[in-house]
Amino acid sequence: MAIVNAPEAGQRLARAEQTLREIHNLTRQSELDFPGQVRALLAMGCRQFDLPIGAASKVDGDKITVRYVRTPNGEVPEGAVLDLCDTFCTEVMQSQSAFSVHNAGESQWADHRAHTQMGLQAYIGTPITIDGVPWGTLCFFDFQPRDEAFDHTDLDMLGLMAERVQTGIAYDAILNGFRATFCGVVGTHCDDFFVALANALARDIEGACAFVAEWREDKGKFHTLGIAEGDRIHSNVAYDSAGTPCAELVSTEVTIHEDIDLSVAKRLPGPDDHTCYAGIAIVSSTGNPLGHLALTHHKPLRLQSHQLWMFEILAARAGAEIERIRMDAERRRMEREIVHSEKLMSIGLLASGIAHDFNNI
């Protein structure tokens with residue numbers, strides 16, 4: 001056990017109190033956007049833990065992507081993608097708890113790839129979870145050993161920082177979703193509108209395919225209005241929904257199917273191997289069914305709160321647009337009928353006038 005003398009303990013306490021005040025003040029700084037707040041938190045953590053590098057990183061499978069970083073010399077740039085097993089973050093993700101080591105070379109972690117491959121000596125990290133789903137890690141590290149072991153105050157402070165980061169990530173995702181929706185969808189109409197809407201839904205989930213489908217009563221089938229898979233835009237198709245999850249969509253809440261049959265998946269728009277499905281009914285302002293908005297993927301869909309909200313918002317927006325298009329079509333049809341009736345009336349008046357003239361002759 002490391003022995004800490006009174007002056008050192010007092011310095012640690014004073015440093016912790018200063019960090020707490022700064023975290024509290026940070027939440028009130030409306031002029032800082034979310035990335036700016038994260039970088040400010042990383043700077044606080046580097047000072048609190050006496051480590052030069054701090055990072056908030058997204059984990060996807062066996063890879064970890066550095067989303068935000070504070071580093072003095074650019075050793076780890078933002079956007080860098082690393083093998084998770086080459087970092088101590090793998091210990092954090094496996095245990096889903098905080099992990100720390102102040103001198104890896106003289107510890108049980110001396111043979112760890114983070115030390116042998118990356119050269120890390122000191123590390124403290126904790127998981128970031130969004131809606132109970134692991135997102136990534138918040139960590140601070142150095143390529144030189146740290147004089148003192150991390151204590152419970154350091155771990156508590158790290159936990160507070162992680163809570164602030166994960167709350168910010170969730171809200172930032174919501175804001176980005178709204179921004180993408182309003183910028184990419186609201187300003188467009190008709191065909192472009194539905195393609196933009198599908199793209200906005202699929203954009204937040206890598207590898208997903210989204211589509212908007214309208215029920216065509218005259219044809220007895222669904223007809224897609226927009227299909228987007230990443231940056232790819234698929235051609236629209238007509239399909240029969242019988243036996244597919246689409247046929248069960250009657251609620252304006254998102255319905256998720258984890259593993260649909262491959263033969264059923266092949267009948268849906270999008271890739272044939274997408275056996276995971278999430279969908280929501282599109283209804284009119286009076287509650288009548290108009291179609292559905294759906295998302296498919298080749299792996300289970302773990303939709304977070306903001307993604308479910310966006311699903312519902314986009315479905316409501318799609319319903320309003322379909323109604324508008326149908327009302328415009330009905331208005332044009334009535335206008336054509338009125339014009340046709342006026343033409344017939346004019347022809348009738350002309351014919352009666354000619355007949356009258358013949359009678360006079």
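Each remark here, short or long, concerns the structure printed above.
A brief look at the structure comes next.

Reading the values: the criteria
Residues numbered from 1 in each chain as written. Predicted model: local features only at pLDDT ≥ 70, side-chain atom pairs only at ≥ 80, totals over all residues. Heavy atoms only, no water. Helix = DSSP H or I, 4+ residues; strand = E, 2+ residues; numbered from the N terminus. Expected span 1.5 Å × (residues − 1). Buried < 20%, exposed > 50% of the residue type's maximum accessible area, 1.4 Å probe, protein only. Disulfide = S-S within 2.5 Å. Pairing = 2+ DSSP bridges. 1 Å grid on protein atoms, 1.4 Å probe; cavity = no way out; pocket = protein on both sides within 12 Å on 5 of 7 lines; lining within 4 Å. Points joined across faces, edges and corners; volume = space filled by probe spheres on them. Nonpolar A, V, L, I, M, F, W, Y, C, P; charged D, E, K, R; others polar. Core = buried A, V, L, I, M, F, W, Y, C linked by side-chain atoms within 4.5 Å. Contact = heavy atoms within 4.5 Å. Phe/Tyr/Trp six-rings, centres within 6.5 Å; stacked < 30°, edge-to-face > 60°. Salt bridge = Lys/Arg side-chain N within 4 Å of Asp/Glu carboxyl O.

### Considerations on helix α2 (residues 34-49)
- For α2, which comprises 16 residues, the first-to-last C-alpha distance of 22 Å matches the rise-based estimate of 22 Å (1.5 Å per residue) to within 8%.
- Listing the buried residues of α2 in full gives Phe34, Gly36, Gln37, Val38, Leu41, Leu42, Met44, Gly45, Cys46, Gln48 and Phe49.

### Digging into unusual backbone geometry
- Backbone geometry at Asp50 places phi at a positive 55°, although glycine is not the residue there.
- Along the chain, Asp50 turns up in the loop between α2 and β1 (53-60).
- A positive phi angle, close to 50°, is found at Gln96, a residue other than glycine.
- Take Gln96: it is sitting in the loop between α3 (89-95) and β4 (99-101).
- When its relative accessible area of 30% is taken as the criterion, Gln96 is described as partly exposed.

### Topic: the state of the cysteines
- Taken as a whole and judged by the stated rule, the model has 0 disulfides.
- Residue Cys46 stays outside any disulfide, its sulfur separated by 9.8 Å from that of Cys139, the closest cysteine.
- Exposure remark for Cys46: the relative accessible area of 6% places this residue in the buried category.

### Some remarks on the pairing of strand β6 (residues 133-142)
- Counting buried residues in β6 gives 8 out of 10 residues, a clear majority hidden from the surface.
- In terms of strand pairing, β1 meets β6 through 6 bridges, oriented antiparallel. Counterpart to Ile53 in the pairing with β6 is Phe141.
- Here 9 bridges tie strand β5 (residues 122-130) to β6, and the two strands are oriented antiparallel to one another. Counted as the bridge partner of Tyr123 is Phe141 from β6.

### Remarks on empty space enclosed by the protein
- Taken as a whole, this structure holds 2 cavities of 30 Å³ or more when the rule is applied.
- Within this model, the largest cavity holds a volume of roughly 150 Å³.
- Tallied by class, residues from the lining of the largest cavity come to 12 nonpolar, 2 polar and 1 charged.

### Re the nonpolar core
- By size, the foremost hydrophobic cluster in this structure holds 27 residues, and its most contacted members are Val212, Ile282, Leu293, Leu295, Leu303 and Phe311.
- Taken together, the elements giving at least two residues each to this core come down to α6 (190-203), β7 (209-216), β8 (221-229), β12 (276-283), β13 (289-297) and α8 (305-360).
- Discounting residues that sit within four places of it in the chain, Val212 has contacts with Phe194, Leu197, Ala198, His223, Thr224, Leu225, Gly226, Ile282, His292, Leu293 and Ala318.
- Core analysis: the next-biggest nonpolar cluster, separate from the first, contains 24 residues, Ala122, Ile130, Phe140 and Ala162 among them.

### Quick word on the packing of aromatic side chains
- The full count for this structure, using the stated rule, is 10 aromatic pairs.
- Taking the centre distance of 5.0 Å and the plane angle of 85° together, the rings of Phe193 and Phe194 count as edge-to-face.
- When the ring of Phe222 is compared with that of Tyr239, the centres are 6.0 Å apart and the planes differ by 25°; the resulting orientation is stacked. One end of the pair, Phe222, is in strand β8; the other, Tyr239, is in strand β10 (residues 238-239), and 17 residues separate them in sequence. The same class applies to Phe222 as to Tyr239, namely buried.
- Taken together, the aromatic side chains of Phe88, Phe99, Trp109 and Tyr123 make up a single cluster linked through ring pairs.

### Here's the deal with the environment of Gly287
- Mapping Gly287 onto the fold places it in the loop between β12 and β13.
- Judged by relative accessible area, Gly287 falls into the partly exposed class, the value being 46%.
- The sequence separation of Gly287 and Thr252 amounts to 35 residues, and the corresponding C-alpha distance is 9.6 Å.

### Some points on the pattern of salt bridges
- Applying the stated criterion across every chain, the model contains 14 salt bridges.
- One salt bridge in this structure joins Glu78 and Arg39, with 3.0 Å as the shortest N-O distance. Of this pair, Glu78 sits in the loop between β2 (63-70) and β3 (81-83) while Arg39 sits in helix α2, placing them 39 residues apart in sequence.
- Among the residues examined, Glu78 registers a relative accessible area of 36% and is labelled partly exposed.
- Overlapping salt bridges bring together Arg317, Glu321, Arg324, Asp328, Arg331 and Glu335 as one network.

### Observations concerning the pairing of β1
- Within β1, 6 of the 8 residues are buried, which leaves it mostly tucked inside the rest of the structure.
- Bridge analysis of β1 against β2 gives 7 bridges, and the strand direction is antiparallel. Its bridge partner being in β2, Ala56 is matched across the sheet by Tyr68.
- Here β1 folds back onto β2 in antiparallel fashion, the turn holding 2 residues, of which Gly61 has a positive phi close to 65°.

### Some thoughts on the side chain of Asn199
- You can see Asn199 is positioned in helix α6.
- With relative accessibility at 18%, the residue Asn199 sits in the buried group.
- With sequence-adjacent residues up to four places away left out, Asn199 is seen in contact with Ala228 and Gly230.

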